[in-house]
Amino acid sequence: MKALIKILNELHPEVNFEAETALVDGGILDSLDIVTLITEINQEYDVSIPAQEITPENFNSVGAIMRLIKKIDEA
Amino acid sequence: MLTNILQYLEATAARLPDKIAFSDGCDSLTFAELQKAAKSIGSRLAARGFRREPVMIMMDRHPNVLSAFFGVVYAGCFYVPVDTEMPELRLRTTFNSLAPRIIISDRSNYQKAARLGQAEVLLFDGMRGFPPDEKLLSQIRENQIDTDPIYIVFTSGSTGVPKGVAACHRSVIDYTESFCEALGLSEDCVFGNQTPLHFDAPLKEIMTTIKYGATTYLIPKKLFLFPVPLVEHLNEHKINTICWVVSALCTISALGALDIARPRYLKKIAFGSEVFPVKQFNIWRDALPDAEFYNLYGPTECTGMSCWYKVEGRVPEGGTIPIGRPFRNTRIMLIDENGKEAAPGEPGEIYIAGTCVTLGYYNNPGKTDEAFVQNPLNRSYREIVYKTGDIARLNERGELVFISRRDSQIKHMGHRIELGEIEAAADSHERVARSCCLYDSENKKIVMYYTGEAGQGELLAYLKDYLPRYMLPAVIKKLDSLPLTPNGKLDRQALKKLYKDSENEGTHKNLK
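(A) Geometry of the overall build of chain B. Within chain B, the regular secondary structure consists of 17 helices and 26 strands. For a compact globule of 512 residues, the expected C-alpha radius of gyration is about 24 Å, and chain B comes in at 23 Å, within 12% of that figure. Taken over 512 residues, chain B has a buried fraction of 48%. Of the contacts made within chain B by residues no fewer than 6 positions apart, 66% connect residues no fewer than 24 positions apart.

Have a look at this one:
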């Protein structure tokens with residue numbers, strides 16, 4: 001989870017990602033971020049997030065993103 | 001004789017009153033509703049005595065914005081749409097250079113609009129029911145000429161102050177006619193608009209829609225984060241034509257969405273503002289082998305797009321997509337460093353001539369005179385052309401190929417940015433001595449180096465108050481001194497090398 005927060009903090013140093021639960025709904029992540037974010041997660045966690053999993057629900061909080069990474073990793 | 005863009009709207013509203021003109025998927029406006037709302041807004045503005053002056057529009061992305069635009073034109077004024085997400089300090093700079101007497105806002109932007117300065121703020125909701133005053137509107141129309149401005153849109157300025165480009169009926173009509181002809185557009189077009197309404201880019205959809213009676217869906221911004229729902233949205237509304245920035249198309253292809261979701265109705269895909277990475281282009285081409293792909297090129301100063309190129313087949317690895325040829329009634333000249341026409345195949349700066357050349361920068365004669373100049377090849381009569389700062393050459397087939405910029409203007413995520421504007425914002429921090437920006441085009445990152453006492457996080461937070469999101473540096477590095485050339489100028493080449501070296505060492509990520 002630390003690595004994920006590091007990736008996110010490079011995109012938005014001002015956000016407290018551990019507490020934030022409206023990354024999408026609150027407009028924190030935007031279209032400028034998404035490709036970078038997915039590419040870096042794929043590299044860091046050695047996964048390949050499939051396009052159909054890139055949804056608002058899976059990216060609204062660090063917890064949701066971690067659950068997604070775990071799910072893909074275990075599949 | 002076609003002299004006013006409202007003639008498009010009026011002819012279409014009479015022919016197809018109940019067809020949907022603009023929709024965001026939830027709220028829609030038919031052509032009759034659009035015309036009625038526009039006339040109400042025009043009448044309200046005219047009744048208040050506003051004439052031939054800027055009307056600032058501060059509204060979130062919604063079909064109502066189009067009613068406001070055309071309403072302003074009905075009043076014989078010109079609309080100035082601004083980015084409602086812009087930091088207030090930059091918004092104020094824009095406001096000050098415009099000095100408008102009147103702002104139209106929606107409810108969510110009302111407070112922000114009221115804080116800007118000495119201008120009356122009218123709520124859109126309070127205007128759209130105003131009874132249309134046909135007599136007054138026709139009086140205004142009789143006095144309008146086709147060189148009257150329709151809009152002003154703001155573009156990044158190298159000294160830190162955004163420049164407002166003003167365009168008139170004549171150039172917008174010229175652009176609409178030639179653009180529609182080149183791409184073969186018609187009443188059957190269903191557009192999916194991606195570009196923000198505060199730029200000239202959406203003229204492609206807006207003007208085609210009112211000219212032919214086509215339909216435009218304003219795609220919600222948030223959908224551009226989620227490629228599969230985005231493609232599903234295109235299918236749900238049977239969208240067949242898109243004019244998007246390259247980065248929006250790349251989000252879909254790079255994240256693998258085209259493998260699992262196909263835009264079933266898409267027939268025409270126009271893109272521009274940036275170089276399309278060949279690999280991403282070919283993913284699109286393979287997914288939609290029967291669709292038409294168009295590369296567009298053009299500066300805001302020449303109304304919209306000036307050149308087009310239809311891409312046939314795949315693009316070979318390592319190849320580039322030309323920007324092609326000018327639209328009808330537009331002339332492109334390549335001028336070398338001696339002010340002469342560049343020899344065939346040789347690089348030259350793009351100068352653009354024709355009706356498409358806009359009126360210049362509003363309230364800024366100095367900057368206007370620098371860029372809107374007498375045709376260097378014509379000493380015989382007055383012919384104002386636009387000097388783009390873009391360097392291009394002709395290939396063996398006589399097509400234009402973009403090479404580079406002459407200055408430090410960049411294209412980043414579809415936005416045109418002057419690195420100088422970012423530097424000016426940083427330099428205004430009292431504990432920054434001097435700053436310099438680079439663009440890492442490979443990784444699409446804006447990189448800032450600076451000297452001074454300010455911390456990096458502190459500087460970034462400061463910049464956020466001045467600059468829109470897409471202009472913020474992704475990397476900020478503090479140095480003891482900036483490299484200088486023997487003449488004492490900032491040595492950008494040395495900085496580039498420094499950045500490259502640090503990239504290779506993997507030590508560039510200092511925002512942790």
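Still more to cover.
(B) Representation of the overall build of chain A. Across its full length, chain A holds three helices and zero strands. Counting helices and strands in the order they occur from the N terminus, chain A gives α-α-α. The C-alpha atoms of chain A give 11 Å as radius of gyration, which agrees with the globular expectation for 75 residues (11 Å, within 12%). Expressed as lengths along the three principal axes of its C-alpha atoms, the size of chain A is roughly 35 × 20 × 20 Å. Residues counted as buried form 21% of the 75 residues belonging to chain A.

(C) Focus on unusual backbone geometry. Residues and elements named next belong to chain B. For T303, which is not glycine, the phi dihedral falls at a positive 75 degrees. If you trace the backbone, T303 turns up in the loop between β13 (292–297) and β14 (307–311). Phi is positive for M413, which is not a glycine, with a value near 50 degrees. Judged by the 21 C-beta atoms lying within 10 Å of it, M413 falls in the buried class.

(D) Expanded view of the interface of chain A and chain B. With 19 residues of chain A at the interface, the matching set in chain B holds 24 residues. The set of elements that each furnish at least two residues to the side of chain A that touches chain B consists of α1 (2–11) and α2 (31–45) of chain A. With five residues, α2(A) is the single largest residue contributor to the side of chain A that touches chain B.

(E) How the structure looks around the packing of helix α11 (residues 246–254) of chain B against helix α13 (residues 278–287) of chain B. Residues and elements named next belong to chain B. Here α11 crosses α13 at 70 degrees, and the two axes come no closer than 9 Å. One way to sum up the angle between α11 and α13 is to call them roughly perpendicular. For the pair α11 and α13, contact is made by L249, C250, S253 and A254 and by Q280, I283 and W284, respectively.

(F) Structural detail: helix α16 (residues 456–464) of chain B. Residues and elements named next belong to chain B. Residues of α16 that are buried include every one of L459, L460 and L463, and no others. One side of α16 holds all its buried residues, which, seen down the axis, span an arc of 100 degrees. Along α16, exposed side chains directed more than 90 degrees from the buried face belong to G457 and A461. Against the buried residues of α16 lie α15 (419–427), β24 (432–440), β25 (445–452) and β26 (475–478).

(G) Spatial organisation of the pairing of β26(B). All names here are of chain B. Examined bridge by bridge, β25 and β26 share four bridges and lie parallel to one another. Along β26, the bridge assignment pairs Y450 with K478. As a crossover connection, the stretch from β25 through α16 into β26 is right-handed.

(H) Molecular detail of the domain arrangement of chain B. When the domains of chain B are assigned, the result is domain 1 (1–168), domain 2 (325–405) and domain 3 (413–505). Once you take the C-alpha centre of each, domain 2 of chain B and domain 3 of chain B turn out to be 30 Å apart.

(I) Representation of the sheet that holds β26(B) in the model. All names here are of chain B. Spatially, three strands are ordered β24-β25-β26 in an open sheet, and the strand pairing comes out mixed. The open sheet has two edge strands, β24 and β26, and neither has a second partner. Averaged over all pairs of adjacent strands, the angle between their axes in this sheet comes to 20 degrees, without regard to strand direction.

(J) Seen up close, the nonpolar core. Residue and element names in this part refer to chain B. Ranked by internal contacts, the top residues of the largest apolar core, which has 145 residues, are V55, I57, A68, V72, F78, V80 and I352. In terms of residues, this core owes the most to one element, helix α3 (residues 64–74), which gives eight residues. Split by domain, the residues of this core number at least three in each of domain 1 (1–168) and domain 2 (325–405). I417, I446, M448 and L463 belong to the second largest nonpolar core, which has 26 residues in total.

(K) A look at the environment of G157(B). All names here are of chain B. Within the secondary structure, G157 sits in the loop between β7 (149–155) and β8 (163–168). When the C-alpha atoms of G157 and G420 are compared, they prove to be 7.4 Å apart, with 263 residues separating the residues in sequence. Not counting residues within four places of it along the chain, the set of residues in contact with G157 comprises P162, K163, E418 and E421.

(L) Focus on the environment of M86(B). Residue and element names in this part refer to chain B. With respect to the helices, strands and loops of the structure, M86 is situated in the loop between β4 (78–81) and α4 (88–98). A tally of 21 C-beta atoms within 10 Å means that M86 is categorised as buried. Taking C-alpha positions, M86 is 9.6 Å from K464, a pair spaced 378 residues apart along the chain. In this structure, M86 is in contact with L91 and P468, ignoring residues within four places of it in sequence.

(M) Summary view of the environment of A75(B). Residue and element names in this part refer to chain B. Mapped onto the secondary structure, A75 falls in the loop between α3 and β4. Here A75 falls in the buried class, since 29 other C-beta atoms lie within 10 Å of it. Separated by 32 residues in the primary sequence, A75 and S43 have C-alpha atoms spaced 6.5 Å apart. If we skip the residues at most four places from it in the chain, A75 touches G42, L45, A46, F50 and I140.

(N) A look at the packing of helix α2 (residues 31–47) of chain B against helix α7 (residues 134–143) of chain B. Residue and element names in this part refer to chain B. At a minimum axis distance of 10 Å, the contact between α2 and α7 shows a crossing angle of 80 degrees. One finds that α2 runs roughly perpendicular with respect to α7. Side by side, α2 and α7 meet where K39, G42, S43 and A46 of the first sit next to L136, L137 and I140 of the second. Here the residues of the contact of α2 with α7 sort into four nonpolar, two polar and one charged.

(O) Spatial organisation of the pairing of strand β22 (residues 409–412) of chain B. Residues and elements named next belong to chain B. Bridge count for β22 against strand β23 (residues 415–418) is four bridges, and the pairing is antiparallel. Following the sheet pairing, K411 is matched in β23 by R416. Hairpin connection, β22 to β23: the antiparallel pair is bridged by two residues, and M413 has positive phi, about 50 degrees.

(P) Here's a closer look at the confidence of the model for chain B. Residues and elements named next belong to chain B. Per-chain confidence: chain B averages 94 in pLDDT, with 98% of residues scoring 70 or above. Taken as a whole, residues 507–512 scores under 50 in pLDDT and shows 15 contacts with residues more than four places along the chain or in a different chain. With pTM at 0.91, the complex prediction returns an ipTM value of 0.91.

Parameters and conventions
- For every chain, the first residue of the written sequence is number 1, and numbering continues from 1 along that sequence.
- Whichever chain is written first becomes A and whichever ligand is written first becomes 1, with later ones labelled in order.
- Where local features are concerned, this predicted model is filtered to residues with pLDDT of at least 70; where side-chain atom pairs are given and counted, the filter is 80 or more; whole-chain, interface and lining totals use all residues.
- For helices the rule is a DSSP run of H or I covering at least 4 residues; for strands it is a run of E covering at least 2, with both sets numbered from the N terminus onward.
- Each radius of gyration reported is based on C-alpha atoms, and the globular scaling rule is 2.2 Å times the count of residues to the power 0.38.
- Counting other C-beta atoms within 10 Å of its own, a residue is labelled buried from 20 upward, exposed at 12 or fewer, and partly exposed in the gap between, with every C-beta atom placed from the backbone.
- Placing a C-beta atom from the backbone of each residue, one calls two residues in contact when those atoms lie within 7 Å.
- Convention adopted: a line fitted to C-alpha atoms gives each axis, helices being fitted over their contacting stretch, and angles between N-to-C directions are expressed from 0 to 180 degrees.
- Should an angle fall under 35 degrees it is taken as roughly parallel, and over 145 as roughly antiparallel, whereas 65 to 115 is taken as roughly perpendicular and any remaining angle as oblique.
- Throughout, the arc means the angular range of directions from the helix axis out to the C-beta atoms.
- Being paired, for any two strands, means DSSP has found at least two bridges between them.
- A clockwise path from the first strand over the helix to the second, with the strands pointing away from the viewer, defines a right-handed crossover.
- In this document the domain limits rely on a domain assignment from an automatic tool or a database.
- Buried Ala, Val, Leu, Ile, Met, Phe, Trp, Tyr and Cys residues form a nonpolar core when they are connected through C-beta atoms within 7 Å.
- All residues other than Ala, Val, Leu, Ile, Met, Phe, Trp, Tyr, Cys, Pro, Asp, Glu, Lys and Arg, Gly among them, are scored as polar; the first ten of these are nonpolar and the last four charged.
- pLDDT is a residue-level measure of predictor confidence that goes from 0 to 100.

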